[in-house]
Number of protein chains: 2
Amino acid sequence: MATATLDLKPDLDTGHPCFGCTVREISLCGILDNEELRAYKQTGATVRYDAGATIFFEGDPADSVYTLTSGTLRLSKLLPDGRRQIAGFIFPGNFLGITMEDEHAFTAEAITASELCRFSRPKFETYLDEHPLMERRLYALVAHELAATRQQLVLLGRKTATERVVSFLLMLGSRCRMDGGLADEVHLPMSRSDIADYLGLRIETVSRELSALKAARLIQLTGTHSVRLLEKARLEALAEG
Amino acid sequence: MATATLDLKPDLDTGHPCFGCTVREISLCGILDNEELRAYKQTGATVRYDAGATIFFEGDPADSVYTLTSGTLRLSKLLPDGRRQIAGFIFPGNFLGITMEDEHAFTAEAITASELCRFSRPKFETYLDEHPLMERRLYALVAHELAATRQQLVLLGRKTATERVVSFLLMLGSRCRMDGGLADEVHLPMSRSDIADYLGLRIETVSRELSALKAARLIQLTGTHSVRLLEKARLEALAEG
DNA sequence: CGAGCGATTGATCGCCATCAAAGTGGGTGG
DNA sequence: CCACCCACTTTGATGGCGATCAATCGCTCG
């Protein structure tokens, strides 16, 4: 459904408040032109969070929406006894606060120091009312997120530990390529604990799987937070059983 | 975000093509009035599928969207070796074909004989262009679906077999109450195999868990496809660990 | 150089999968 | 109407993958 009307407006004036924003093209704002974006930006504000800080808790009133411009966030939920599941990571350009409910169902925390553009819900909705293209793009983003989340159901419901870890690395790998990074050097901003809670495993298992992949010469552990993918084809076969 | 503009239009003329449609109020169409609905309905067609029939396969071009009016569907995905994950069940009133991609990422099959209202994507999108309230409602539906799917991530990633089965029963229970059925009598149109593939378990485990809940006098198995929930409070405690 | 936290590696356990067999029920044809 | 059939479900016995418990490593920062 990539209609012409959803094409991005490429050029921004130098001096524009969003000039130099590295994520505009892949974010909600990408469809706005100079004037529209200036007006839109003025309805919001830039906010910063330190690593570990909480943007909102599960159960907090959902009165703002955000676009992440730098850093990494995690969306998570705790069971009463402390078990944690991470529903997703938010990378620059991603939209946060998709819900139409009154309360957030998940907690959003900064994994690394992060910057976001924040908009109040009422203002955001008014803006949407006046910009149907933006609403359509928002819909496309949510629909895409839904598809990705369903894919994660397959991972959690049916894949083995090895398949989960490899799928995760490939997923981040394709993200990096999207961001213009090297295709085979994957940066992992999150801890082993975050990875484990995203993949439905324990940190020991994640660590063991990474070590096993390294021993099999399929990856290289270039640092605690970076991995080099050595054999994409074999990894892709591994990821799907 | 339940604004007044999203309220349903209640009364339909007798003789209206959608008069008697039992799911209009909880479906996408709920916001349309007599005239709008008549026009909308004319852009689509009613289609029927037998139990077991496939509405579309993973990878098929996504050229139609649907509203389920009767029956039950499953959305599933197969791994190359035959492992299956069911991403969700579709009940009457639910929208099918949310994707904005060109291809369906999941296979949709009829669990029981089903009826759907089908609309071609281009016509549907044209209709959305002209009816912003409908688009907003569609967004709300998808956002809600995303939240539900993320909740399912918690189930698959972190819950035990018992917790999964109990969560599933309670989920269907709250659905029944929504549909005006008895709150504690849950109908399970799907097979044990479908339940297992939805919960990331094997059918033997599902069966054993149900037997154990019955032995604990927490449920009654009133038939292969129906369960009575006896102790909601204790079940709810069980579902969350 | 030492403290402390996250990551890795090792040893063992337990939940759920797997393998196997018996039970159940709905539909069909005699 | 009943007997059979076949698919689905349930129950039982055993096994394996990943969790758990435990110890060590290694980086970062004071």
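In the block above lies the structure referred to throughout.
Residues numbered from 1 in each chain as written. Chains lettered and ligands numbered in written order. Predicted model: local features only at pLDDT ≥ 70, side-chain atom pairs only at ≥ 80, totals over all residues. Heavy atoms only, no water.

Colleague: Can you help me understand the packing of aromatic side chains in this one?
Modeller: The description of two aromatic rings rests on the distance between their centres and on the angle between their planes. All names here are of chain A. One pass over the structure, following the stated rule, counts 10 aromatic pairs over all chains. Among the aromatic side chains, those forming a connected cluster through ring pairs are Phe89, Phe168 and Tyr198. In this structure, Lys77 packs its charged tip against the face of Phe106, placed 4.9 Å from the ring centre. (Phe/Tyr/Trp six-rings, centres within 6.5 Å; stacked < 30°, edge-to-face > 60°. Lys NZ or Arg CZ within 6 Å of the ring centre and 35° of its normal.)

Colleague: Could you clarify how one ought to interpret the interface of chain B and chain A in this entry?
Modeller: The accessible area lost on association of the parts is a frequent measure of interface size. At the junction of the two partners, chain B supplies 48 residues and chain A supplies 47 residues. Carbon and sulfur atoms make up 61% of the area that chain B and chain A hide from each other, which totals about 4900 Å². Linking chain B with chain A are 10 salt bridges. Measuring nitrogen to oxygen at the nearest pair gives 2.9 Å for the salt bridge that ties Arg83 of chain B to Glu163 of chain A. Taken together, the connections running from chain B to chain A amount to 22 residue pairs in polar contact (both at pLDDT 80 or more). Those elements giving two or more residues to the side of chain B that touches chain A turn out to be strand E4 (73-78), strand E5 (84-90), helix H2 (121-130), helix H3 (132-158) and helix H5 (192-199) of chain B. (Contact = heavy atoms within 4.5 Å. Buried area = accessible area lost by both parts, 1.4 Å probe. Salt bridge = Lys/Arg side-chain N within 4 Å of Asp/Glu carboxyl O. Polar contact = N/O pair within 3.5 Å; in protein donor to acceptor, adjacent residues only side chain to side chain. Helix = DSSP H or I, 4+ residues; strand = E, 2+ residues; numbered from the N terminus.)

Colleague: Help me out: how do you make sense of the protein's contact with DNA strand C in this one?
Modeller: Every one of the 15 residues lining DNA strand C counts as a neighbour, but Arg192, Arg208 and Ser211 of chain A together with Arg202 and Thr205 of chain B are closest to it. Counting only atoms of DNA strand C within 4 Å of the protein, the fraction found in sugar and phosphate groups is 65%. One of the side-chain nitrogen or oxygen atoms of Arg208 of chain B is found 2.9 Å away from a base oxygen of DNA strand C. Secondary structure elements with two or more residues in the surface near DNA strand C: helix H6 (203-215) of chain A together with helix H6 (203-215) of chain B. Sort the elements by how many residues they give to the surface near DNA strand C and H6 of chain A lands first, with 4 residues. Residue composition of the surface near DNA strand C, by class: 2 nonpolar, 7 polar and 6 charged. (Near = heavy atom within 4 Å. Nonpolar A, V, L, I, M, F, W, Y, C, P; charged D, E, K, R; others polar.)

Colleague: Explanation requested: empty space enclosed by the protein in the structure shown.
Modeller: It is the rolling of a water-molecule-sized probe over the atoms that shows where space remains empty. All names here are of chain A. Applying the stated rule across the entire model yields 4 cavities of 30 Å³ or more. In this model, the largest cavity occupies a volume close to 200 Å³. If you tally residues by element for the lining of the largest cavity, the top one is helix H3 (residues 132-158), at 4 residues. Looking at the lining of the largest cavity residue by residue, the classes come out as 12 nonpolar, 3 polar and 3 charged. (1 Å grid on protein atoms, 1.4 Å probe; cavity = no way out; pocket = protein on both sides within 12 Å on 5 of 7 lines; lining within 4 Å. Points joined across faces, edges and corners; volume = space filled by probe spheres on them.)

Colleague: Sorry, what's going on with the protein's contact with DNA strand D here?
Modeller: Within the structure, DNA strand D sits among 16 residues, and Ala161, Arg202 and Thr205 of chain A together with Arg192 and Ser211 of chain B are positioned closest to it. For DNA strand D, the backbone portion of the atoms within 4 Å of the protein, that is sugar and phosphate, comes to 64%. Residue Arg208 of chain A places a side-chain N or O atom 2.8 Å away from a base oxygen belonging to DNA strand D. In this structure, a phosphate oxygen belonging to DNA strand D sits 2.3 Å away from a side-chain N or O atom of Ser211 of chain B. Of all the secondary structure elements, the ones that give two or more residues to the surface near DNA strand D are H6 of chain A together with H5 and H6 of chain B. By residue number, the principal contributor to the surface near DNA strand D is H6 of chain B, which donates 4 residues. Its residues placed into classes, the surface near DNA strand D shows 2 nonpolar, 8 polar and 6 charged.

Colleague: When you look at the packing of helix H5 (residues 192-199) of chain A against H6 of chain A in this model, what are you seeing that I'm missing?
Modeller: Between two packed helices, what matters for the description is the angle formed by their axes and the separation of those axes. Residues and elements named next belong to chain A. Between H5 and H6, the shortest axis-to-axis distance is 8 Å and the interhelical angle comes to 100 degrees. Here H5 is positioned roughly perpendicular relative to H6, judged by the angle of their axes. Counting all contacts with H5, which are made through Arg192, Ser193, Ile195 and Ala196, the residues of H6 involved are Ile203, Val206 and Leu210. Each residue belonging to the contact of H5 with H6 can be placed in one class, and the counts come to 5 nonpolar, 1 polar and 1 charged. (Axes fitted to C-alpha atoms, helices over the stretch in contact; angles between N-to-C directions. Parallel < 35°, antiparallel > 145°, perpendicular 65-115°, else oblique.)

Colleague: Explain the pairing of strand E3 (residues 64-70) of chain B here, please?
Modeller: Residues and elements named next belong to chain B. Of all 7 residues in E3, 6 are buried; the element is thus mostly enclosed. Note that E3 and strand E6 (residues 95-96) share 2 bridges and pair antiparallel. The residue bridging Thr67 from the neighbouring strand is Phe95, located in E6. (Buried < 20%, exposed > 50% of the residue type's maximum accessible area, 1.4 Å probe, protein only. Pairing = 2+ DSSP bridges.)

Colleague: When you look at unusual backbone geometry in this model, what are you seeing that I'm missing?
Modeller: Apart from glycine, the bulk of residues carry a negative phi angle, and the bulk of peptide bonds sit in the trans form. Residues and elements named next belong to chain A. For Arg217, which is not glycine, the phi dihedral falls at a positive 60 degrees. Within the fold, Arg217 resides in the loop between H6 and strand E10 (219-223). Overall, the relative accessible area of 65% leaves Arg217 in the exposed class.

Colleague: Explain the relation of the copies chain B and chain A to me, please; I cannot follow it from the model alone.
Modeller: One copy of the chain maps onto the second through a rotation about an axis and a displacement along it. Taken as rigid bodies, chain B and chain A are interconverted by a rotation of 180 degrees and an axial shift of 0.0 Å, the fit giving an RMSD of 0.0 Å. Within this description, the copies of the chain are treated as partners about a two-fold rotation axis. A share of 98% of the interface residues of chain B reappears at the interface of chain A, consistent with the copies meeting face to face through the same patch. (Least-squares fit on C-alpha atoms with pLDDT ≥ 70 in both.)

Colleague: Is there a simple way to explain the pattern of salt bridges in this structure?
Modeller: Opposite charge on two side chains allows them to pair when their charged atoms are near. For the coordinates displayed, the defined rule picks out 30 salt bridges over all chains. Put simply, Arg121 of chain A and Glu125 of chain A hold a salt bridge, and the shortest N to O gap is 2.9 Å. Here Arg121 of chain A and its partner Glu125 of chain A are both found in helix H2 (residues 121-130), 4 residues apart, which amounts to about one turn of the helix. Residue class for Glu125 of chain A comes out buried when judged on its relative accessible area of 11%. Across the pair Glu145 of chain A and Arg150 of chain B runs a salt bridge whose closest N-O atoms are separated by 3.6 Å. Here the residue Glu145 of chain A occupies a position in helix H3, and Arg150 of chain B occupies one in helix H3, the pair thus bridging two chains. When its relative accessible area of 11% is taken as the criterion, Arg150 of chain B is described as buried. Salt bridges sharing common partners tie together Arg74, Arg84, Glu109, Asp194 and Asp197 of chain A together with Arg158 of chain B.

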